[in-house]
Amino acid sequence: MSRALLDGEPVALRAEVAWPLPPLPVADEGAYTIRVTDRLVEPGEREAVLRPPTLVVGVGASKGAPVDEVLALVEGALREAGLSAASVAELATVDAKAGEEGLVEAARRLGVPLVTYGAGELARVDVPNPSDAPLAAVGTPSVAEAAALMGGGELLVPKRKSAARPAMATCAVVRRPGRGRLAVVGLGPGARDLLTPRAKDELRRASVLVGLDQYVDQIRDLLRPGTRVLESGLGAEEERARTAVAEARRGQAVALIGSGDAGVYAMASPALAEASDDIDVAGVPGVTAALAAGAILGAPLGHDHVSISLSDLHTPWEVIERRVRAAAEADIVVTFYNPRSRGRDWQLPKALAILAEHREPATPVGVVRNASRADESSRLTTLAALDPATVDMMTVVTVGNTATREIAGRMVTPRGYRWQEETP
Ligand code: SAH
C-alpha cells in the first residue's frame, strides 16, 4: 500500500501492476497508463491500477459466525458487483458486534478497520431492506445496510445473506461519495486575456458549471467536453448558489462563475452562506470592474478608495446613502457599481449630490462602459458636468477625491500628500 494525495487529501492506495513489467520504452512518453478505480479490472500491459479506498462494507453476524463464512460472503458480494476487495476502506457494523470474532478476524484479513455504530444511530438511517430479526436482537431494523450507509453514498450491493445454512452473516456494500469541490471563479471584466490562468484551470477541471447564461457563453469553449452546464437567467441568484453547493455535496467538481471577481457583488457570498464544511471550497480572484475601469481611466485608485453598489434591490436606500455620505466626508475615491438602470434612475444623481457637498464641481469623474469588452467606451468628465443619462448597468462611475486631477487626459489620484518627498 502506498500514500498519495487525492485532491490534497492523503489517501492510502493499493496498486496492482501487470508483472513482470514490460521493458521501459525509450522516447515513448505516455506509454504507461495509471487507472484509478474500485472496479474489478485487470491491469493491462503497461498499465497500473490504483485502488482508491472508496468502499464500505456493512456486515451483520449472528453470535459465533465463522470468519470464513463472513469473508466468503463479502468477497462474493464484491466479485459479483464487479468491485475490487482492495478498494474496501472499512467493515462497519453495530456496537454490539464490536467483539464478534468472525467480524474482527475478517477485517484483520482484509487489512481494514472494523468500525462500529450505536443501534440508535443505525436505526435512523433510511435503508431499503429493514427487517425484524436485527431489531429484536440488537435494536435496529438494519445492521449491514445502515452501517454501510452511515457516511452517505451509493448502495451498490443491497443486503444479502451468506449461502451457508443457517446463514449467520449479512453484508451490504456502499461507495462513499467523493469529497466535492466548489470553485468560485471570477471571469474578469470580459476580455479573454484578463481571465487568469488559474480561472482557466478551474473551468477545465469542473464537472459541473453553474452560472448566468451570458457568462457561460463567454467561456463555453474552455470547458472539457462532457461538463454539465447549469445556466440560468438574471435574478436566480439564490437558486444558482443552492444548486452549486448541492452539486458539490454530491461529490462533483463545481465551478460557480461570475464576472469580474465572483466575490464582489456576486455569487461567492450567497454560495458560501449555503456551504457546509463537507465540501472543499476554492476561490479564484478576478479583475473586478473598478480595477478594469481604473486602468482605462489612468490611476484614479492611487489612494484610499471604496466601491459602493447603488442597487437598492437587496439593500435599503438609507444604508446606501449613509455609506456614500461617509465616503464623502472621509474624502475617499468612490466607484459606483450598478449605478443606474431603466427603473432606477434617481439614485446616481442623489449620490453625486452628496459627494458634491464635500468636493469641488471640477472633481474628475470617470465613466467606463463595458470595460475590456468589444464595445468598451470611457469618458472623463467632472462632478458638475456628468450626464447621468450616459450611465447604465454596463457602466461603473469613479469619482475622484479632492486631490484627484486630470493630467494629459488621464484621471490621477496622488498616492498621498507627502509621498513624493519621502521617495529618495
Ligand atoms: N462581480 C462583478 C460586479 C457585479 S455587479 C465585478 O467584480 O466586476 C454588476 C455591476 O458591475 C454592473 O452594473 C457594472 O456597474 C459593473 N460591471 C461589471 N462588469 C463591468 C464592465 N466590464 N465594465 C463596466 N462595468 C462593469
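An unreviewed UniProt entry lists the chain under the name Precorrin-3B C(17)-methyltransferase, with Streptomyces haneummycinicus as the source organism.

Novice: Mind showing me how you'd approach the side chain of N370 here?
Specialist: Within the fold, N370 resides in the loop between strand 18 (364-369) and strand 19 (377-382). A polar contact of 2.8 Å, which involves the side chain of N370, links it to the side chain of R373. With near-sequence residues (within four places) excluded, N370 lies in contact with D375, E376 and M394.

Novice: Help me understand the sheet that holds strand 21 (residues 405-407) in this model?
Specialist: For sheets, the rule is that strands pair by backbone hydrogen bonds, running either parallel or antiparallel. If you trace the three strands from one edge of the open sheet to the other, you get 15-22-21, paired in mixed fashion. The open sheet has two edge strands, strand 15 (298-299) and strand 21, and neither has a second partner. Both strand 21 and strand 22 (residues 410-412) contribute to a ladder of three bridges, which runs antiparallel. Bridging from a neighbouring strand, R405 pairs with V412 of strand 22.

Novice: Just checking my understanding: could you explain the site of the ligand for this structure?
Specialist: Contacts to the ligand come from 20 residues, most closely from V264, T288, A371, M393 and T395. P189 is positioned with one of its backbone polar atoms (N or O) 3.2 Å from a nitrogen atom of the ligand. Within the backbone of A289, a nitrogen or oxygen atom sits 2.9 Å from an oxygen atom of the ligand. Relative to its free-state accessible area of 540 Å², the ligand is covered by the protein chains to the extent of 92%. Lining the shell around the ligand are residues from two domains, each supplying at least three of them: domain 3 (181-287) and domain 4 (290-412).

Novice: Teacher, can you tell me more about the environment of G283 here?
Specialist: If you trace the backbone, G283 turns up in strand 14 (residues 280-284). For the pair G283 and R410, spaced 127 residues apart in the sequence, the C-alpha separation amounts to 33 Å.

Novice: So what exactly am I meant to see when it comes to unusual backbone geometry here?
Specialist: One can expect most non-glycine residues to show negative phi and most peptide bonds to be in trans. Going from R165 to P166, the amide bond is cis rather than trans, its omega being 0°. Mapping P166 onto the fold places it in the loop between strand 8 (154-161) and strand 9 (169-175). Notably, R46 is not glycine yet its phi reads approximately 55°, a positive angle. Position of R46 relative to the elements: it lies in the loop between strand 3 (33-36) and strand 4 (47-51).

Novice: Looking at this model, I keep getting lost on the nonpolar core. Mind explaining?
Specialist: Grouped burial of nonpolar side chains is what soluble globular proteins tend to show. Formed by 24 residues in total, the largest nonpolar core has its most connected members in V57, V74 and L91. Among the elements of the structure, strand 5 (55-61), helix 1 (67-80), strand 6 (88-94), helix 2 (101-110) and strand 9 are those that each provide at least two residues to this core. Looking at this core element by element, the count peaks at seven residues for helix 1. Filtering out sequence-adjacent residues up to four positions away, V57 remains in contact with V74, V88, E90, L91, A92, A148, C171, A172 and V173. Of all hydrophobic cores here, the second largest spans 21 residues; its members include F336, L352, L355 and V365.

Novice: Can you help me understand the pattern of salt bridges in this one?
Specialist: Pairing between side chains of opposite charge can happen when their charged atoms approach one another. Counted under the stated rule, the structure contains 20 salt bridges. Across the pair R325 and E321 runs a salt bridge whose closest N-O atoms are separated by 3.1 Å. Of the two residues, R325 and E321 are both situated in helix 11 (residues 317-329); the distance of four residues between them amounts to about one turn of the helix. Take E321: its relative accessible area is 19%, and that puts it in the buried class. Of the charged contacts in the structure, one is a salt bridge between R359 and D331, with a shortest N-O distance of 3.9 Å. Taken together, the positions of R359 in the loop between helix 12 (347-356) and strand 18 and D331 in the loop between helix 11 and strand 17 (333-337) put the pair 28 residues apart, joining distant regions of the chain. Taking relative accessible area as the criterion, D331 reaches 23% and is therefore assigned partly exposed. When salt bridges that share partners are traced, they join D68, E105, R108 and R109 into one network.

Novice: Just checking my understanding: could you explain the domain arrangement of the chain for this structure?
Specialist: Where the parts come together, the accessible area they lose is often given as the size of the interface. By domain assignment, the chain separates into domain 1 (1-52), domain 2 (55-175), domain 3 (181-287) and domain 4 (290-412). Computed from C-alpha coordinates alone, the two centres of domain 2 and domain 3 are separated by 39 Å.

Novice: Mind showing me how you'd approach helix 11 here?
Specialist: Within an α-helix, residues lying three or four positions from one another point in the same direction, as the helix has 3.6 residues per turn. Across its 13 residues, helix 11 extends 18 Å between first and last C-alpha, which sits within 8% of the 18 Å expected from 1.5 Å per residue. What helix 11 keeps buried is the set W317, V319, I320, E321, V324, A327 and A328. Elements in contact with the buried residues of helix 11: strand 16 (305-309), strand 17 and helix 12. Residue D331 follows helix 11 closely and has a positive phi angle near 55°.

So, how was this worked out
Residues numbered from 1 in each chain as written. Predicted model: local features only at pLDDT ≥ 70, side-chain atom pairs only at ≥ 80, totals over all residues. Heavy atoms only, no water. Helix = DSSP H or I, 4+ residues; strand = E, 2+ residues; numbered from the N terminus. Polar contact = N/O pair within 3.5 Å; in protein donor to acceptor, adjacent residues only side chain to side chain. Contact = heavy atoms within 4.5 Å. Pairing = 2+ DSSP bridges. Near = heavy atom within 4 Å. Areas by Shrake-Rupley, 256 points an atom, 1.4 Å probe, with all protein chains shown as cover. Domains from an automatic or database assignment. Core = buried A, V, L, I, M, F, W, Y, C linked by side-chain atoms within 4.5 Å. Buried < 20%, exposed > 50% of the residue type's maximum accessible area, 1.4 Å probe, protein only. Salt bridge = Lys/Arg side-chain N within 4 Å of Asp/Glu carboxyl O. Expected span 1.5 Å × (residues − 1).

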